[in-house]
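Report on the structure
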Amino acid sequence: MKTIDQINFNGRRALIRVDFNVPLDKSFKVTDDNRIRATIPTLKKILADGGSCILMSHLGRPKEGPEDKYSLKHTIGTTEALLGVKVKFGGDCIGDEAFALSASLKSGEVLLLENLRFYKQEEKGDLAFAEKLSKHGDVYVNDAFGTAHRAHASTTIVAQFFKDKCAGYVLAAEVDNANKVLQNAERPFTAIMGGAKISDKILIIEQLLDKVNHLIIGGGMAYTFFKAMGGQIGNSLVEADKLDLASELIRKAKEKGVELHLPADSVIADKFDAAAQTGIASNSSIPDGWMGLDIGPEARIVFSKVIAASKTILWNGPMGVFEMKAFEQGTKEVAEAVALATKSGAFSLIGGGDSAAAVAQFGLNEQVSYVSTGGGALLEYFEGKILPGIAAIKG
């Protein structure tokens with residue numbers, strides 16, 4: 001896969017698929033600039049070469065055409081502050097104004113196109129729409145790993161209209177770090193899987209059983225395992241149609257010599273509410289009317305010990321409902337254990353989505369090896385799937 005280091009952008013317009021799908025507050029101010037910040041080195045390299053940048057992205061999920069709350073103009077102030085360069089704005093990604101601006105763009109200048117998803121053709125991977133987008137630049141750069149698993153017009157289809165195409169620094173780093181874990185993991189290798197459902201993680205768990213020494217399971221999905229083993233889980237989340245699958249995964253782990261670590265206990269609550277009554281219970285005997293919303297103190301100790309002894313760590317999914325103060329401790333202690341292991345020389349990859357949000361919430365971003373910008377894309381990469389956004393720039 002060619003990267004931007006292999007291309008000289010002097011006098012050339014780079015059409016760059018970035019991921020500016022960032023959260024905005026009620027005043028349309030960016031509340032988390034990590035995705036914008038991540039792509040700044042790519043833009044600076046192109047500008048330093050003497051090139052110009054045309055940025056395209058989506059923001060949110062607009063239903064019917066343009067909506068002001070989803071306009072990418074709200075990201076301009078943040079981008080200018082981080083990049084130190086004035087950013088022009090094309091009010092329509094394939095409108096006359098946008099094409100006039102991109103055609104006249106000079107070296108060192110930056111243009112941001114309006115939200116691609118204001119056109120339904122973007123998500124449909126429409127060929128004619130992709131061809132129009134291609135007219136904005138001379139070189140295509142994909143730096144949006146978070147959307148690389150989607151065969152959308154701007155992430156995949158547009159690449160065929162370019163002779164020169166490559167990965168930006170974000171995309172290249174994501175692939176390098178994922179491959180480090182997939183292909184060159186130092187042992188012991190521990191995977192931590194959390195979140196609500198086994199069904200969301202089944203493919204990655206099956207892939208990991210051939211690679212890891214330890215598999216830690218937390219979050220809502222753990223209760224399906226306990227139910228499958230005949231435990232009483234009260235009103236905890238369960239996938240009743242996945243009990244056989246949970247039993248099969250337990251069997252496979254044993255067969256492959258993988259140590260499967262399920263949480264011994266939980267912080268339980270009498271309702272799904274930040275102000276609920278809480279208690280501690282064994283995961284085999286949660287009382288009726290109560291539900292597990294975080295791993296308990298015994299599970300935290302066991303999980304932390306396993307993590308401390310690891311040399312490679314992959315973490316995807318929280319240990320509980322960490323957004324609520326009463327149920328954050330399990331996720332927090334696992335995050336702290338991962339940071340401590342990293343300090344002791346382990347390589348830690350945080351798999352985007354809620355895990356990335358948790359690490360940020362607890363101020364540990366800088367204390368882990370790599371935080372992925374793409375939850376779904378990273379999962380699919382680990383599942384062994386070919387991501388269309390990556391395949392398109394290899395072609």
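Up top you'll find the structure we're talking about.
Reference entry: report on the structure contained in this document. Predicted, not measured: the structure shown is a model, and the values here were computed from it.

Tallied over the entire structure, the rule returns two aromatic pairs. Between Y119 and F129, the aromatic rings sit 5.4 Å apart at their centres with planes inclined by 35°, giving tilted as the arrangement. With Y119 in the loop between β4 (110-113) and α4 (121-124) and F129 in helix α5 (residues 127-134), this residue pair connects regions lying 10 residues apart in the sequence.

The next subject is the sheet that holds strand β8 (residues 214-217). Reading across the sheet, the six strands line up as β10-β8-β7-β15-β16-β17 and stay open at both edges, with parallel pairing between neighbours. Two strands bound the open sheet, and with one partner strand each, they are β10 (259-261) and β17 (370-371). Along the sheet, helix α6 (residues 169-183) makes contact with β7 (189-193), β15 (312-316), β16 (347-350) and β17, crossing β16 at roughly 125°. The strands touched by helix α11 (residues 329-343) within the sheet are β7, β15 and β16, with β15 carrying the most contacts at an inclination of about 155°.

Attention now moves to the layout of surface pockets. When its volume is computed, the largest pocket comes out at roughly 750 Å³. Forming the walls of the largest pocket are 25 residues, and the residues nearest its centre are N34, N365, V371, S372 and T373. The residue inventory of the lining of the largest pocket, partitioned by class, reads 12 nonpolar, nine polar and four charged. Its volume calculated, the second largest pocket comes out at about 540 Å³.

Let's shift gears to empty space enclosed by the protein. For the structure on display, the rule yields one cavity of 30 Å³ or more. What the largest cavity holds in volume is close to 60 Å³. Along the walls of the largest cavity sit V18, D19, R35, A38, T39, D143, V170 and T373, which together make up its complete lining. Per-class residue counts for the lining of the largest cavity are three nonpolar, two polar and three charged.

A few words now on the pairing of strand β5 (residues 139-142). Taking every second residue as pointing to the same face, both faces of β5 are buried, with V139 and V141 on one and Y140 and N142 on the other. Looking at chain direction, strand β1 (residues 13-17) and β5 are connected through four bridges and run parallel. Each residue of the ladder has a partner; that of L15, found in β5, is Y140. Relative to strand β6 (residues 165-167), β5 is paired through three bridges, and the arrangement is parallel. Counted as the bridge partner of V141 is C166 from β6.

Parameters at a glance
- Residues numbered from 1 in each chain as written.
- Predicted model: local features only at pLDDT ≥ 70, side-chain atom pairs only at ≥ 80, totals over all residues.
- Heavy atoms only, no water.
- Phe/Tyr/Trp six-rings, centres within 6.5 Å; stacked < 30°, edge-to-face > 60°.
- Helix = DSSP H or I, 4+ residues; strand = E, 2+ residues; numbered from the N terminus.
- Pairing = 2+ DSSP bridges.
- Contact = heavy atoms within 4.5 Å.
- Axes fitted to C-alpha atoms, helices over the stretch in contact; angles between N-to-C directions.
- 1 Å grid on protein atoms, 1.4 Å probe; cavity = no way out; pocket = protein on both sides within 12 Å on 5 of 7 lines; lining within 4 Å.
- Points joined across faces, edges and corners; volume = space filled by probe spheres on them.
- Nonpolar A, V, L, I, M, F, W, Y, C, P; charged D, E, K, R; others polar.
- Buried < 20%, exposed > 50% of the residue type's maximum accessible area, 1.4 Å probe, protein only.

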